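Each chain, letter by letter, is given below.
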Amino acid sequence: MYSGITNAVAQISSTEGVRSLWRGIASVAVGAGPAHAVYFGTYEAVKQKLGGNVGSEHHPFAVATAGACATIASDALMNPFDVIKQRMQIHGSTYESISECARTVYRNEGFQAFYISYPTTLAMTIPFTAIQFTVYESLSKVLNPAKRYDPFTHCVAGGVAGAVAAATTTPLDVIKTLLQTRGTSSDSRIRNCKGLVDAAKTIHAREGMKGFARGLRPRIITTMPSTAICWTSYEMAKYEFSPRIGRIFFVDMLL
């Protein structure tokens, strides 16, 4: 059991090599592009439908609902890639490629293995995205009330929004990880976990409530820069296309 981020990095590097810290990155790279396109495309389309772009008022319901719809669509595409990433990252993994991992998982556990964690993923990412988008939009209105293109405020708002959302949903991330890696466990109870409730009971029985906070700090530390970069890049793309053109492009792409 790792005692912290530094300890985890040191142990993984010394036993499996520094390169192992980047294991699974190929799976993320392949799935992330299409998933993010669906993610922000759905967000803009639903937000527009619900009147979230009307006037300068704050529309938290429209923003939260649009964010939830965005994650349902993008996670349906990304979940199999996330499962592959988790399998390639666990200790002792011998997979050399995405295709090898996918074939092995499918052969040993069937197609359902790629989506066994999807309901739990949604239970985590729907509130994560709703919180992230609401915090981002709210903080942006405080830091940038004129809604000008400002990379600094976009970056700050994105980072803070990601940190708040990550901290809030870490217990569900722990459950999701257990379900995604259950096929590699030697523990029969873990291997036979059927879903969110079963996995939560298993974690609580073995580690108590503290088990649900496992990985909290690493998750916040990794989420903050990723959401900051994501929002800054997104706002830059909207600015380059111009708000009107960008909105028409995203909405027409889906409708």
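Reading the values: the criteria
Residues numbered from 1 in each chain as written. Predicted model: local features only at pLDDT ≥ 70, side-chain atom pairs only at ≥ 80, totals over all residues. Heavy atoms only, no water. UniProt positions renumbered as here; feature names shortened; annotations may be inferred. Core = buried A, V, L, I, M, F, W, Y, C linked by side-chain atoms within 4.5 Å. Buried < 20%, exposed > 50% of the residue type's maximum accessible area, 1.4 Å probe, protein only. Helix = DSSP H or I, 4+ residues; strand = E, 2+ residues; numbered from the N terminus. Contact = heavy atoms within 4.5 Å. pLDDT = per-residue confidence, 0-100. Axes fitted to C-alpha atoms, helices over the stretch in contact; angles between N-to-C directions. Parallel < 35°, antiparallel > 145°, perpendicular 65-115°, else oblique. Left-handed = near helix turned anticlockwise from the far one by under 90°. Nonpolar A, V, L, I, M, F, W, Y, C, P; charged D, E, K, R; others polar. Salt bridge = Lys/Arg side-chain N within 4 Å of Asp/Glu carboxyl O.

Under an unreviewed UniProt entry, the name given to the protein is Fe(2+) transporter, and the organism recorded is Discina gigas. Of the comments in the UniProt record for the protein, the one headed Sequence similarities (unreviewed entry) reads "Belongs to the mitochondrial carrier (TC 2.A.29) family." Under the heading Subcellular location (unreviewed entry), UniProt records this for the protein: "Mitochondrion membrane".

### Details of the nonpolar core
Membership of the largest hydrophobic core comes to 14 residues, with the highest contact counts inside it found for Tyr-39, Phe-40, Tyr-43, Phe-133, Tyr-136, Trp-231 and Tyr-234. In terms of residue count, helix α2 (residues 25-49) provides more of this core than any other element does, four residues in total. Beyond its immediate stretch of four places on either side in the chain, Trp-231 contacts Phe-40, Gln-132, Phe-133, Tyr-136, His-154 and Gly-158. By size, the runner-up hydrophobic cluster in this structure holds ten residues, among which are Leu-179, Ala-199, Ala-200 and Ile-203.

### Observations concerning the confidence of the model for the protein
For the protein, the mean per-residue pLDDT works out to 82, and 84% of the residues sit at or above 70. Within the model, the stretch residues 245-255 combines pLDDT values under 50 with 15 contacts to residues more than four positions away or in other chains.

### Description of the packing of helix α6 (residues 151-180) against helix α9 (residues 216-241)
Running from N to C, α6 and α9 cross one another at 140°; their axes reach a closest spacing of 7 Å. By the angle class used here, α6 and α9 are oblique. Here α6 and α9 pass one another in a crossing that is right-handed. Looking at the contact of α6 with α9 residue by residue, the classes come out as eleven nonpolar, nine polar and three charged.

### Regarding the packing of helix α3 (residues 60-89) against α6
In the contact formed by α3 and α6, the axes pass within 9 Å of each other and the chain directions differ by 75°. When the axes of α3 and α6 are compared, the pair comes out roughly perpendicular. For the pair α3 and α6, contact is made by Asn-79, Asp-82, Val-83, Gln-86 and Arg-87 and by Lys-176, Thr-177 and Gln-180, respectively.

### Looking at the pattern of salt bridges
Per the stated rule, a full pass over the model turns up nine salt bridges. In this structure, the salt-bridge partner of Asp-187 is Arg-206, at a minimum N-O distance of 2.6 Å. Taken as a pair, Asp-187 in the loop between α6 and α7 (188-191) and Arg-206 in helix α8 (residues 196-207) lie far apart in primary sequence, 19 residues in all. Look at Asp-187 and you get partly exposed, because its relative accessible area is 24%. Of the residues examined, Arg-206 reaches a relative accessible area of 42% and is grouped as partly exposed. A salt bridge links Glu-207 to Arg-214, with the nearest nitrogen and oxygen atoms 2.1 Å apart. Residue classification places Glu-207 among the partly exposed positions, given a relative accessible area of 25%. The partly exposed category is assigned to Arg-214, whose relative accessible area is 38%. The network of salt bridges with shared partners includes Asp-82, Lys-85, Asp-173, Lys-176 and Arg-219.

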